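One-letter residues, chain by chain:
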Amino acid sequence: MSNLLTRSSLRYLFNHPWQFGLSILGIALGVAIVVSIDIANYSSATAFNLSMNAVAGKSTHQITGTSEGIPDSFYTYLKTVKGTGKIAPVIESYISIPDSNKRVFKLLGVDIFAERPFRDYLSQTDISIDGGLKNFLTKPNSVILSEESLGKLKKYSGDTLNVIVNGKQKILYISGTLKENEQNRSALENLFITDIATAQELTGKGNQIDYIDVIISNDGEEQSLKNLLPEGYQLQKSGSRSETAEQMLEAFNINLTSLSLLALIVGLFLIYNTMTFSVLQRRVLIGTLRSIGVTSNEISGMILREALIMGIIGTLIGFTAAFFISKILLIFISRTINDLYYVVSVREIHISPLIILKGTMLGVFATLLSAVYPSREASGIHPRTAMIRSEQESSLIRRIPRMTVTGIIFMAAGAVILVIPSHNIWLSYFGILPVIIGFALMTPVIIILVEKISSPVYKKFFGITGKMASRSVLQNISRTYIAIAALALAVAATVGVGIMIGSFRSTVINWLEARLNADIFISAPSLISRRNDAVLPEEILQKIKTLDEVNGVNFYRELIQPQDGKEYHIIASGISSKSYSGFQFKEGDPGEVWEKFDNGEVFLSEPFAYRYDLGVGEFINLKTDKGMHDFKVAGIYYDYASDQGLITMKYDQFRKYWNAGGISGISVFVKEGSSIDSVKDKIRELGTDGQQLVVRTYRFLLDSSVEIFDRTFLVAKVLQILSVIVAFIGILSSLMSLQLERKRELGILRANGLLPSQLFKIVTLQTLLMGFTAGILALPLGNALAVILVYIINKRSFGWTMQFQVLPSILIEAMILSIFAALLAGIYPGYKMSKTSPANALREE
Amino acid sequence: MEKIFIIILIITVFSGCGDTKKETVDSGISLSKTMGNTENSGEDFEKAIERKKFVFPADHGPHPGFRTEWWYFTGNLTSSDNKKFGYQFTIFRTALSRDTNKGTSEWRSDQIYMAHFAVTDITGERFYFDERFSRDGNKLAGAQASPFRVWLENWEISKTGSGVSFGLPVISINAETEKTGINLIIEALKPAVLQGDSGLSQKGKGAGNASYYYSYTRMKTEGKLIIEGKESEVSGFSWMDREWSTSALGEDQKGWDWFALQLDDNTEIMYYQMRKNDGTPDVYSKGTLIDRDGSSQIINKEEVIPEITGYWQSPSGEKYPSGWILKIPSRNIELKITPSAKDQLMNVSIRYWEGSVLIEGTKDGKEISGRGYVELTGY
C-alpha cells in the first residue's frame, strides 16, 4: 500500500513541477536568509575573537593600568625587582593603509624576549641574523607581517609601506614575514608585529605600554600579583575583552536575527499554502484512495512525507544559497561593526554546528509543522464528500466568524505580551508572533469586506468579466487568503521597518542639528566613527583659540574606561555655555543641571541610563586613575551617538580623576563675517609633525553622520527586500495553483465562448484585487509593527526615544509594491491559462 | 674560552619554549660561520688585534664596541651536610649593531643579553638548567663597571659590601628558577690571570679572530643553594671568566673542549682544545697553569695529550666525550677527569655540555685530586 502512496505522491509532484519548485524555493529562501544572517553574525564574532586570541596568545590575565597605560618602569620593577615570571608588555594600536582601500590592520608591539610563553606564532618567522632580527630591533618603524598579508598588499620583505597610525603618516619598513598555518591564518592576517620600542615610537605613547600580558597558574600567584599593583591598576582575565565585544553587539545581533526570522515566517505561510493546495487538488484522488481502503493515517502520512521531502530539499538549497548571501551580508555587517563598535576585519565565512542545526530545524521541522494542518485536513476527507468541490470553501466560510474572533484574541494576547515591562528583546519579538497570527486569522473577513466593495466597482468598470474576477477571489477564499496574508505580511514588514527607520532617521537628524551647533569640527582621524580612539595634542586647541576669526571653541576628550568586563565611554566636555542648548534633557531640570555639572556631577545619555537603570540623583561608580569614585547623576540627555551609552562630565572634573591627556574633538565658532572655508584651511595647517587633522564643516559632518546612519540600516533594507521576494514567490505559487485548479472551470468558460484575452483579463483583475486587498491589510499591520519597533523593540534594545513619523510615501510605496507583486505573479498563470485549449483542459480530468 | 656562539642564540629567541626547535637551529647554522669573520662583521665593531692594557674596575664592565662579551661563573660547592653541588651562571652580552641612532623609546636597544643558569646536584644525581633573554632597553638587563653590576631581569651579579679583592669587588650572585636558586657571596683568592698573550687570546687563523680574556681562577664562595624548595648552606670555590671579542672562530673550526680544573694543592689548570671540522685538534688550542701565588705559565698544544676514556650519548643522539685522561708530561701531570654526573647537557637554545667534574691523578709523582668544570661544544 505504501508503495502505491509513494508512487501517487511522486506522480503528483512531478505533474506539478512549478508548484513543487516554487515551494521549495520559498523554503530555501527562508532558510537561506535566516542562516546567512546567522553565518554573518557568527563570522564577524569569530573573526573578532580570532584576532583577539592572536593578540592575547596564551595569556591568562592582563594587567591594565591607568587611562594613560602603564609606565615602562613598572614593568621593569616587576621583572627585575619582583622577579615576576611570565609577563610580557603589549602595545596595541591600529594602522590604516591609505593606498589599500583604507584597509585596517592591528599593530601589536611586543618584546620578543618576553614572548616565548605567550604568542607561539612568533616562532614562525624567517627572520635571520644577518638582516631581519637586527632590523626588527634596531631599525625604526620595522614590522613583520604574515605572508598572506604581504601578498595582499603586494609587498615583500625589505619593502616600505605608507601607513597612518593615530592620525600620523608613517613609513614602515618590512623586516620579515610570519609564516601562517591553517590554524592561525585568519588571526594573523591582519596583524602587524613590531618591537615594543617601535610601537611606542609609532603611536607616540611616550614611556607607556598599554597593558601587560600574564600567565598565572593558580590563585596564589594571582593574589600575590594583585598585591603588587598600584591604585587604579587591574588584573583581569584575558577573555574579558571578547566578552565585552559580545555584549556590545548583543542587541544588534538579536535584531538582525529577528528580521531574518520574519522572512522565514513569510516562507512558512508559503509552505502552508502549497500543502493546502496539494490536498485540495487531490480531493478526488484522496477520496478514491480512501474508498479502496487506505487509512486516514496513511493519507496524512503521505502528505507529511511530501512536506518532509520538500523541507529537506529546500533546506539543502537554502544552505547553499546562504553561503553566498552571507558573504554579501558580511560586508554590510562588518562595515556597521567597524562604523559603530570596534575594528574587525572579516574575510572568511565561519559556520558553527549550532547554525546548521538551527537552520535544519527551521527548514525541515517548520515545513513539517506547517503541513500538519493540511495533512489532517486530507486525512479527514470522506470518500463520499470528496466529489463535492465546494465543500472546502463552505467549510472555511463557516469558520470565518470563529477565525476572526480567535484572531482578535491572538492580537490582544500579543499586545499584552508586548506591554509587559521588560528589558528582554526576545520577549518583545515573541510578542509580535501572536499579532501576526491573529492578523492572518482575520484575513478572510477582510477579504469578504473588500470583495463586497470591489464587486460593484469591478462590475461597473469591467463588466461581467470584472464581476467574475472579483467573485472568484471570494469563491476560492480558502486558497486566496493565505496568499494574500503572506503578501500582506511581507509588505507590512516593509512598512514597519520603513517607518521605524524613517522615524529614527528624522529623530537623529533633528538631534544632530541641535547638537552640532558650531561651524567647524576638528578631530584626529579615527577608525571607528562612533568611537574616537585617536587624540590630538592639546597645543592645537590653544592654537585654534588664538586665531583672529575664532569666536569660541568647545572641546571634549573621549575615554573608554574598561571596568568589570564592560566598557564605559566617558566624554569629558569642555563646553561653553552658549552650547548648552544643544543638550535636551529627558530627566533633570535644565535650569539646574549645568550648575551641578560644574560641581562634578555627570550627565548620562538616555541609552546609558536605560542600560544600567540609573536616574537623576543616583550614583555611578567609576574606576578612575585615582581609584574608584562615585559620580552623582545630574541629568539624562537625549543622545543617539552611541547605543552603548555615554557618561558626560566636565573636562576640569575629569582631569581631577584621570591622567589621560589630549583632545578627541574640537568644535569652533567662527566670527560673523569671516569665511568658514578660510578658517578651515588655517586650522588644517596647524597640524604639525605629520599629525593629520580631520577638519569638517557643519554641513559635511551632518551629511557624513547621516551617511553612517544609512549604512547601518542597509542590512535591514536588504532583509526587507528578501522578505518581499519570498512573498512574491508565495503569491506566484498560490496563483499558479489556483489557476491550475480552475482549469476545468475555465475550460468550460472557454468552451462557452470566452476569448483567451478575456480569460487573461479575468486572471489579471483577480490578482489585482488580491494585491489591493493585501495592500489594504498591510497598511494597518505595517503601522502596528512600526509602533512596536519604535516604542518597544528599539527602546528595549538600545534605550532610545524616537519621534514616530509616518511618511506618506512609505504607505503609497507599500500599496504599489503589493499590487505590482500580485500583478506580476498573475502574468504567467494568466498567460498559460489563456493559451490552454478548452478541450485539453476539460479532458484532463 | 667559552661559548662565542651567542649570536646564533638570538635567532632562537623567536622560537617557542619547547625543545623542538633546537635541532633546526643546531643543524641549520654552522658555528664557525656565525662566529667567524663573515660578511656580518661589516658593522664597525672593534676587534681584538693587539695586546691591550687591562684597567680595573673599568674592564669588569661592558665593552659595547665589541660584539660579544660574557661574565662567566662556574663552581663546585659542598653543603654543610657534605652534599656536593656544581653551578654555572653566565650572563652574555651581544650587540646587534653599533648604530648610535637610538630613537625615543626607552625600549630601543641594540644590546641583547642572555643568561644561562645550571645547578648539578651531584649527590642527588640531578641536573637543572634554565636560560633567559632580554635587552638592555628599559633597564631590563645591563652591565656596569661601577658599582659593579651585571643583570638580566632578577638574575644578577653585583657588588656587595665594600670589600675589594685583587681588583674585583666582593660580589653576590642571585638567580632563581622554578626549581632551583643560588644566593652566593664570592671573593677572589688570586689575582686575575690574563689568558693567552697578556690577555689577547688568539682563537683562529687571521688577525682579529681573537678575544680579550682574563680569569679569576680561584674564588671563595659561600651562600645558599636551593633545590626543589630545599635550602642548603654551601661553600666551595668558583672560577670566573671574562671575555669579549668580535670574531673568533675560523671557518675550519667546529667547536671546542674546555677544561677549568681546580686542584687541591691550590693550583689551577685551564686548557682548551679547538676542534677542526675533521675532529682533530687545532694549533690554536692552548692552556694556562696557575700557581699557588697566582703566577701563570702558558701550556701549548704540543705539551698536552688528551685521551677520551668514555662517551655519553644525549637523548637526541649526539655523542659527547665523558671522561678523560689529561697528560702534561712536560709538567709531570697526569689527571683522570670524570663527570660528576653524565647528563649535564645544557639543552637550551644551542645545546652544549657543561658540567662539574671530579679529578684524580698524580702531579710530580704525588697523588692529587680536585674539582672542576668542562665545556664541550660543537657536537
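All of these numbers come straight from a predicted model, not from anything done at the bench. Here the residue numbers are simple positions, counted from 1 along each chain's written sequence. All chains are assigned letters beginning at A, and all ligands numbers beginning at 1, according to the order in which they are written. Per-residue local features of the predicted model are confined to residues with pLDDT of at least 70, and side-chain atom pairs are confined, for both listing and counting, to 80 or more; whole-chain, interface and lining totals are unaffected and use all residues.

(A) Geometry of the overall build of chain B. Assigned secondary structure in chain B consists of 3 helices and 25 strands. Exposed residues have 12 or fewer other C-beta atoms within 10 Å of their own C-beta, buried residues have 20 or more, and residues in between are partly exposed; the C-beta atoms are placed from the backbone. The 379 residues of chain B split such that 51% are buried. Placing a C-beta atom from the backbone of each residue, one calls two residues in contact when those atoms lie within 7 Å. Pairs at least 24 apart in sequence give 57% of the contacts found in chain B among residues at least 6 apart. Helical segments are the DSSP runs of H or I of at least four residues, strand segments are the runs of E of at least two, and each set is numbered from the N terminus.

(B) Expanded view of the overall build of chain A. A tally of regular secondary structure across chain A gives 27 helices and 21 strands. Out of the 845 residues belonging to chain A, those deemed buried represent 50%. Taking the intrachain contacts of chain A between residues at least 6 apart in sequence as the baseline, contacts between residues at least 24 apart amount to 85%.

(C) Local environment of the nonpolar core. All names here are of chain A. Residues Ala-486, Leu-487, Ala-488, Leu-489, Ala-727 and Ile-731 are the most contacted members of the largest nonpolar core, which totals 285 residues. Ranked by the residues each element gives to this core, the list is headed by helix H2 (residues 17-56), at 22 residues. If we skip the residues at most four places from it in the chain, Leu-489 touches Val-266, Phe-269, Ile-436 and Ala-727. Residues enter a nonpolar core if they are buried, belong to Ala, Val, Leu, Ile, Met, Phe, Trp, Tyr or Cys, and are joined to the set through C-beta atoms within 7 Å. Residues Trp-511, Ile-540, Ile-544 and Tyr-610 belong to the second largest nonpolar core, which totals 49 residues.

(D) Geometry of the pairing of strand E6 (residues 160-165) of chain A. Residues and elements named next belong to chain A. We treat two strands as partners when DSSP finds at least two bridges between them. Sheet analysis places strand E3 (residues 87-97) next to E6, joined by 2 bridges and oriented antiparallel. Paired with Ile-95 across the two strands is Val-165, which belongs to E6. As paired strands, E6 and strand E7 (residues 168-178) are joined by 6 bridges and run antiparallel to one another. Across the sheet, residue Asn-162 finds its bridge partner in E7, namely Ile-171.

(E) Fine view of the confidence of the model for chain B. Of all residues in chain B, 87% have pLDDT values of 70 or greater, and the mean over the chain is 86. For this predicted complex, the interface confidence reaches an ipTM of 0.87, while the overall pTM sits at 0.79. A residue's pLDDT is simply how confident the predictor is in it, with values from 0 to 100.

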